Structures are given as structure tokens and as C-alpha cells.
Amino acid sequence: MLIKSIYTQCKIIFEQKLFALTLLIIYVFIIINFAQNAIEFYGADISAIIHPMKMSLLNTYVKWGFYFMQYLPLIVVLPASFSFFNDKNNHTTVYLSAKFGVKNYYYGKIIAVFTMTFLAFFIPFIFEYVLNIIAFPIQAIGDRSNLPTFDYGYQEMETRYIFHQLWHLNPYFYYLIFITMFSFVMASFSTFVVSITMLPMVNYKILTFLPAYFAFTMISALGMLLGINMNYRDYLMSFESSEKIDALYLAISLLLLITSIIITKHKAVKEI
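Along each chain, the written sequence defines residue order, and numbers are assigned to residues from 1. Under the rules for a predicted model, residues below a pLDDT of 70 receive no local features and side-chain atom pairs below 80 are neither given nor counted, while totals for whole chains, interfaces and linings still include all residues. With hydrogens and water set aside, each side-chain value is computed from the structure's full complement of heavy atoms.

**A few points about a nonpolar patch on the surface**
The line we're drawing: Surface patches are defined over residues having more than 30% relative accessible area and no salt bridge, joining like charges when they lie within 9 Å and nonpolar side chains (Val, Leu, Ile, Met, Phe, Trp, Tyr) when within 5 Å. Exposure was quantified through the Shrake-Rupley algorithm and a 1.4 Å probe, taking into account, for residues, occlusion by the shown protein chains and nothing else. Each reported salt bridge corresponds to a side-chain nitrogen of Lys or Arg within 4 Å of a carboxyl oxygen of Asp or Glu. In this scheme, a residue with accessible area under 20% of its type's maximum is buried, one over 50% is exposed, and one in between is partly exposed, where area comes from a 1.4 Å probe on protein chains only.
Judged by side-chain polarity, Leu222, Leu225, Leu226, Ile228 and Ile245 come together as a nonpolar surface patch covering roughly 500 Å² of accessible area. With relative accessibility at 53%, the residue Leu226 sits in the exposed group.

**So, the side chain of Gln9**
Selection criterion: Where helices and strands are cited, they refer to DSSP runs of H or I of at least four residues and of E of at least two residues respectively, numbered from the N terminus. Contact criterion: two residues are considered in contact whenever any of their non-hydrogen atoms come within 4.5 Å of each other.
Along the chain, the position of Gln9 falls in helix H1 (residues 2–14). Dropping the residues within four chain positions of it, Gln9 is found in contact with Asp87, Leu96, Asn104, Tyr105, Gly108, Lys109 and Ala112.

**Overview of the environment of Gln16**
By the element assignment, Gln16 lies in the loop between H1 and helix H2 (17–41). In this structure Gln16 comes out as partly exposed when scored by relative accessible area, which is 28%. C-alpha separation for the pair Gln16 and Pro79, spaced 63 residues apart in sequence, amounts to 8.1 Å.

**Structural notes on the packing of aromatic side chains**
Counted only if it meets this: Pairing of aromatic side chains here covers Phe, Tyr and the six-membered ring of Trp, requires ring centres within 6.5 Å, and sorts the geometry by plane angle: under 30 degrees stacked, over 60 edge-to-face, intermediate tilted.
Evaluated as defined, the whole model comprises 27 aromatic pairs. Look at Phe29 and Phe68: their rings are 5.4 Å apart centre to centre, the planes differ by 70°, and that puts the pair in the edge-to-face class. Here Phe68 lies in helix H3 (residues 63–75) and Phe29 lies in helix H2, a separation of 39 residues in the sequence. Accessibility classification places Phe29 together with Phe68 in one group, the buried group. Aromatic pair Trp167 and Tyr174: ring centres 5.6 Å apart, planes at 80°, arrangement edge-to-face.

**Quick look at helix H5 (residues 92–100)**
Just so we agree on the cut-off: By definition, the arc is the one covered by directions from the helix axis to the C-beta atoms.
When we look at burial in H5, the residues that qualify are Thr92, Thr93, Leu96, Ser97 and Phe100. Buried residues of H5, seen end-on, are gathered within an arc of 125° and therefore sit on one face of the element. The exposed residues of H5 that point more than 90 degrees off its buried face are Val94, Tyr95 and Ala98. Directly beyond the C-terminal end of H5, a positive phi value near 100° is found at Gly101.

**What about the nonpolar core?**
Note the threshold: The criterion is simple. A nonpolar core is a set of buried Ala, Val, Leu, Ile, Met, Phe, Trp, Tyr and Cys residues joined through side-chain atoms within 4.5 Å.
Core analysis: the largest hydrophobic core is formed by 70 residues, its most contacted members being Phe68, Phe121, Phe125, Phe182, Phe189 and Tyr249. With 14 residues, the top contributor of residues to this core is helix H9 (residues 171–196). With residues up to four places along the chain from it excluded, the contact list for Phe125 reads Ile26, Ile30, Leu57, Leu58, Phe68, Ile179 and Phe182. In this structure, Phe34, Ile49, Met55 and Phe136 belong to the second largest nonpolar core, which totals seven residues.

**Observations regarding empty space enclosed by the protein**
Any empty space left between the atoms is revealed when a probe the size of a water molecule rolls over them. This is how it is decided: Only protein atoms enter the calculation, which uses a 1 Å grid: trapped sets of points that fit a 1.4 Å probe without letting it out are cavities, open sets showing protein on both sides within 12 Å along at least five of seven lines are pockets, and any residue with an atom within 4 Å of a point is a lining residue. Grid points are joined across faces, edges and corners, and a volume is the space filled by probe spheres set on the points. For this classification, the nonpolar set comprises Ala, Val, Leu, Ile, Met, Phe, Trp, Tyr, Cys and Pro, the charged set comprises Asp, Glu, Lys and Arg, and every other residue, Gly included, is treated as polar.
Summed over all chains, the structure comprises one cavity of 30 Å³ or more. In terms of residues, the lining of the largest cavity owes the most to one element, H9, which gives four residues. When its residues are assigned to classes, the lining of the largest cavity shows seven nonpolar, no polar and no charged.

**Looking at H1**
Note the threshold: A helix's residues, less one, multiplied by 1.5 Å, set its expected span.
Under the 1.5 Å per step criterion, the end-to-end length of H1 is 18 Å for 13 residues, consistent within 8% with the ideal 18 Å. Within H1 the residues assigned to the buried category are Ser5, Ile6, Gln9, Cys10 and Ile13. Looking straight down H1, one finds its buried side chains confined to an arc of 130°; they lie on one side. In this structure, H1 carries Ile3, Lys4, Tyr7 and Phe14 as exposed residues pointing more than 90 degrees from its buried face. Against the buried residues of H1 lie H2, helix H4 (83–89), H5 and helix H6 (102–135).

Structure representation (C-alpha cells):
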């Protein structure tokens, strides 16, 4: 019954307008960035062209990527974090709980939210990944910093990429792993948000926007107190060259998922 609950709730989320809006927003950012790159490098010599992976939206040197990051704490809640509120408002909670069981409904909820949020980010960025490989020469090795690849400063900068060993192993495999990691982090934050909306003190839909924003802000603030770089922009943008702890946001995401499971379990037991 849990599998059926997950499938049903994934389908409901997929049919929501906010899920489609999320895809639209991400695709708009991607297409604008791609068009800008295509215009900039049209007819250029290969030695002047940026590496295809470094043209992607999730790059610290990309202007549209910077704008995307500013709105990320709001975008992350759009695909699925309103799911529980929507279920309560249209009485789907009662129907699905009766059909699949209370525990299956609540556990199915957070699994569906995680899955659909992951896909909402993963699919558009995989599209961009393939698009850049097709549209730009894979022999290009340029960088937005305009430093030559043999420059010591550039090589030092490369060692500060998140999981930089993968970049040296294979740049295309590296960026594929980065997209997967990014989508996992987004799905974890979204799952945390929907678990917060299950708490009895959260009664207004507009409050759904706050947990992710506060989480990102508090993590950055904690980093400042500890003297550690924990700014989400530096971890969720590829090719960022500031000092960082590679697995930090993966660890934070796992912590958020554990917290979400605990809250959901408490809610399910209380509703039985």
C-alpha cells in the first residue's frame, strides 16, 4: 500500500500548477543563459570558447546563475512543499488516509515530495547538460575567470572546486554528479519544509516559504560564528573556488531528512 500511496501522491504533485511553474522558471533561466552563450561564442575560435560544463547555469561566474541562486530558497518550495496544505484544504488527506492507511499516507507524502522535487530540478539541468554537449565543442577548455589553464592561479582555483577530484577524473562525469547532488539537496530541503507544515502551529499556507529561507540563512550564520564557510551559494554553485567542506551540504541534507522522518512519524502516530 505504501508504493501505491507514493505513486498516487507523486501523480497529484505532478498535476499541480506549482510543479509546472517550477519547471517553467528553471527552463526559462536555462534557455536565457544558453542563448546568451550561443550569441557570445558564435563563430569564435575554439581556443576562446568556455568549457561546455562551465557554461551551465549552476556556475558561480554565470550572471543568470547568480540571479537563480538569489531566488533558490523560494523556488525550492514550489514543486511539492505545498502538497500537505493542498491535501488538507481539499480533504485529500482524509481520503488517502482511509484508502492507504494513515502511516502509508504520511510516509508516502514525504517520499513523494522528495522524489518530485528531485525530478523538478534534475530533469531541467540534465536537459541543459545534454544541450551544452550538443551545441558547444567538447574540445573547448576555457574558463570564465579568463585565466589560462596552465596558470598556477587557475590550477590552485581548481583544487577548491567541490569534489575537485571528480573534475580531474572527468569534467562531464563531475558535472553529472554535481547535478545529482544539487537535486538531492533541493529535495531534502523541500521534504523538510513539508514536514514542518505538518506541525500544528503552522496554519497558514504563506508560512511554507519561510522554513527553507530560514534554514539557508541560519546555516550561513552558523558558519560565520564557527569561522567556516557554510554559505549555500558557495556549495550549490559548481566551479566555486572559495574554501569549503565538500560533503557539508550532503550531511546537512541527511540531517534534514532524518528530522523530517521523525516529525512525520510523530504526526502519523498522533493521527492514528
